[in-house]
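Coordinate analysis (summary)
Residue-level listing of the chains:
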Amino acid sequence: MDLLDTLTAKGLRGEVPTREEALAVLATTDDELLDVVAAAGKVRRRWFGRRVKLNYLVNLKSGLCPEDCSYCSQRLGSKAEILKYTWLKPDQAADAARAGVAGGAKRVCLVASGRGPTDRDIDRVTDTMAAIKDADPEVEICVCLGLLSDNQAERLKAAGADAYNHNLNTSENTYGAITKTHTYADRVDTVQKAHGAGLSACSGLIAGMGETDEDLVDVVFALRELGSDSVPVNFLIPFEGTPLAKEWNLTPQRCLRILAMVRFVNPDTEVRIAGGREVHLRTMQPLGLHIANSIFLGDYLTSEGQAGQTDLDMIKDAGFEVEGAGEATLPRHRADVAAAAATGSGCGTAASACGSGCGPCGGHEHAPLAGTASAPAPASEGADGANSANGELRDDLVKVRRRGAGTELAPNA
Ligand code: SF4
């Protein structure tokens, strides 16, 4: 049986491929690309049908972060000319959220820049969630406030949060080259705290930072082992004024291969095409919908996305449908695991992800793979080669967000 038949058969059974099989997906050629998309599409449709979940970002606090994440326009020392503002008031955030929900979003993602929340910040977010749920009790709320201290996840859960987002972003081996002010272990700890409090864990990655294929496979397997219920796949938006501004090394084809690898390793998990969709997939975005079952509607935290109506038109034209508020996102067996975690009757980790029962699942470590560097490799070591978009810098594609939360202009939804 060839690679794609094997991966399809495993995915349809909810089984995880081997690391070698995952690496082989990233090494496929452009001639094989549509076969890769078709195989991943079969797995996607098995668990998620033709539904697309829409998520809507509300940036509660923008810029002014003391952390130094190299990819981030809000980082310490960033020269990116983004919107900078401190905490939105609950009614301002609720207004922005309402626009997203009216546009079809099922989940609102409340994000604030910073290393992590103070207890006062948890109070602010509690008030904001109350304002949003007053207007629409059905809306899912995911909170993203950085590193959590003890008991903060429990407070967010008690206040009505459904999920907590904290991305691992890249492999443990390369993390130290991307960020110096906190560690990969800090990030794992926060995902575990959120999960342990009964919040659905949303944790994903950023591709295109100069990482190797092995790094990508490392982080995607780590996310599976952590039991992340949703995996946002970000494609680096190289903002001028950040250290990674020149990292233009993704092509639409490479992005589709990465999405397919993530789908095969997480067959029954929400896979979301996150930031960078318009910048890197460009006209190939509809093919991404055959692999991922979730996207952000409208704008991102600090950059503009395509118009919300264009997102909706794309979904319809590609033959998909927006997931409704009453529809479950995860397949029944995954939702049952999440519900068990929420009631404290299970560890919250997908059974197929953890062969050792209810142990400290996020603590699994992989032996470093041969050839895996301790720092990001030059982009030329990626499967597609350096700046494979003909070496072009496409900073014309990066548009700083100037509307919605924190401005007087209507949000894009
Ligand atoms: S990713 Fe978060 S913690 Fe890192 S610099 Fe950006 S806002 Fe700060």
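What comes next concerns the included structure. Chains are numbered independently. Their residues run from 1 in the order of the written sequence. Only residues with pLDDT of at least 70 are given local features in this predicted model, and only at 80 or more are side-chain atom pairs given and counted; all residues enter the totals for whole chains, interfaces and linings. To obtain the side-chain values, all non-hydrogen atoms of the structure were used and water was disregarded.

1. Comments concerning the pairing of strand β2 (residues 107-112)
So the rule is basically this: Think of it in three bands: with a 1.4 Å probe and only protein chains considered, a residue is buried below 20% of the maximum accessible area for its type, exposed above 50%, and partly exposed in between. Strands here are runs of E lasting at least two residues and helices are runs of H or I lasting at least four, both read from the DSSP assignment and numbered beginning at the N terminus. In this analysis, strands are considered paired if DSSP registers two or more bridges between them. A clockwise path from the first strand over the helix to the second, with the strands pointing away from the viewer, defines a right-handed crossover.
With 6 of 6 residues buried, β2 lies mostly within the body of the structure. Across 6 bridges, the pairing between strand β1 (residues 51-61) and β2 is parallel. Counted as the bridge partner of Asn-59 is Val-111 from β2. In this region the chain leaves β1, passes through helix α4 (residues 90-102) and returns to the parallel neighbour β2; the handedness of that crossover is right-handed. Inspection of the sheet shows β2 paired to strand β3 (residues 140-144) by 5 bridges, in the parallel sense. When the bridges of β3 are listed, Val-108 appears paired with Ile-141. A crossover links β2 with its parallel partner β3, the connecting element being helix α5 (residues 119-135), and its sense is right-handed.

2. A few points about the side chain of Thr-269
Short version of the rule: Here a polar contact is taken to be a pair of N or O atoms separated by no more than 3.5 Å, where protein atoms must pair a possible hydrogen donor with a possible acceptor and residues adjacent in sequence count only if both atoms sit in side chains. Contact definition: two residues touch when any of their heavy atoms are within 4.5 Å.
Within the fold, Thr-269 resides in the loop between α10 (252-265) and β8 (270-273). Of note is the side chain of Thr-269, whose polar atom sits 3.2 Å from the side chain of Arg-224. When neighbours within four sequence positions are excluded, Thr-269 is seen to be in contact with Phe-48, Arg-224, Ser-228, Asp-229, Ser-230, Val-231, Arg-263, Asn-293, Leu-330 and Arg-334.

3. Topic: the site of the ligand
For the record, the criterion: Think of it this way: one heavy atom of a residue within 4 Å of a molecule or strand is enough to make that residue near it. Points on a 1 Å grid, built from protein atoms alone, make a cavity when a 1.4 Å probe fits but cannot get out and make a pocket when they are open with protein on both sides within 12 Å along at least 5 of 7 lines; residues with an atom within 4 Å of a point are the lining residues. Cavities and pockets are treated as containing a molecule whenever more than half of the molecule's atoms lie within 2 Å of their grid points.
By nearness alone, every residue bordering the ligand is listed as Cys-65, Glu-67, Cys-69, Tyr-71, Cys-72, Arg-75, Ser-113 and Gly-114. More than half of the atoms of the ligand fall within 2 Å of the grid points belonging to the largest cavity.

4. Structural notes on unusual backbone geometry
Where the residue is not glycine, phi is negative for most of them; where a peptide bond is considered, it is trans in most cases. In this model, Asn-151 sits at a positive phi of 75°, which is unusual for a non-glycine residue. Residue placement: Asn-151 occurs in the loop between β3 and α6 (152-158). A positive phi angle is found at Arg-282, which is not glycine, with a value near 50°. With respect to the helices and strands, Arg-282 occurs in the loop between α11 (277-281) and α12 (285-289).

5. Looking at the packing of aromatic side chains
Selection criterion: Between 30 and 60 degrees the pair is tilted, below 30 it is stacked and above 60 it is edge-to-face, where a pair is any two Phe, Tyr or Trp rings, Trp via its six-membered ring, whose centres lie within 6.5 Å. For a ring to carry a charge above it, either NZ of a lysine or CZ of an arginine must fall within 6 Å of the ring centroid while also lying within 35 degrees of the normal to the ring plane.
Within the structure shown, the criterion is met by 2 aromatic pairs. Taken together, a centroid distance of 6.2 Å and an interplanar angle of 65° make the contact between Tyr-175 and Tyr-184 edge-to-face. Residue Tyr-184 is classed as buried on the basis of its relative accessible area of 11%. Taken together, a centroid distance of 6.2 Å and an interplanar angle of 85° make the contact between Phe-296 and Tyr-300 edge-to-face. Across the pair, Tyr-300 and Phe-296 agree in class, each one buried. The ring of Phe-221 carries the charged tip of Arg-19 above its face, separated from the ring centre by 5.4 Å.

6. Quick notes on the nonpolar core
Cut-off, in case you're wondering: Residues enter a nonpolar core if they are buried and are Ala, Val, Leu, Ile, Met, Phe, Trp, Tyr or Cys, with the set joined through side-chain atoms within 4.5 Å.
Membership of the largest hydrophobic core comes to 88 residues, with the highest contact counts inside it found for Val-58, Leu-156 and Phe-235. The biggest single contributor to this core is α10, with 9 residues. Dropping the residues within four chain positions of it, Val-58 is found in contact with Leu-88, Ala-93, Ala-96, Ala-97, Val-108, Cys-109, Leu-110, Val-111 and Ala-405. Formed by 10 residues, the second largest nonpolar core is a distinct cluster that contains Val-111, Cys-142, Ala-274 and Tyr-300.

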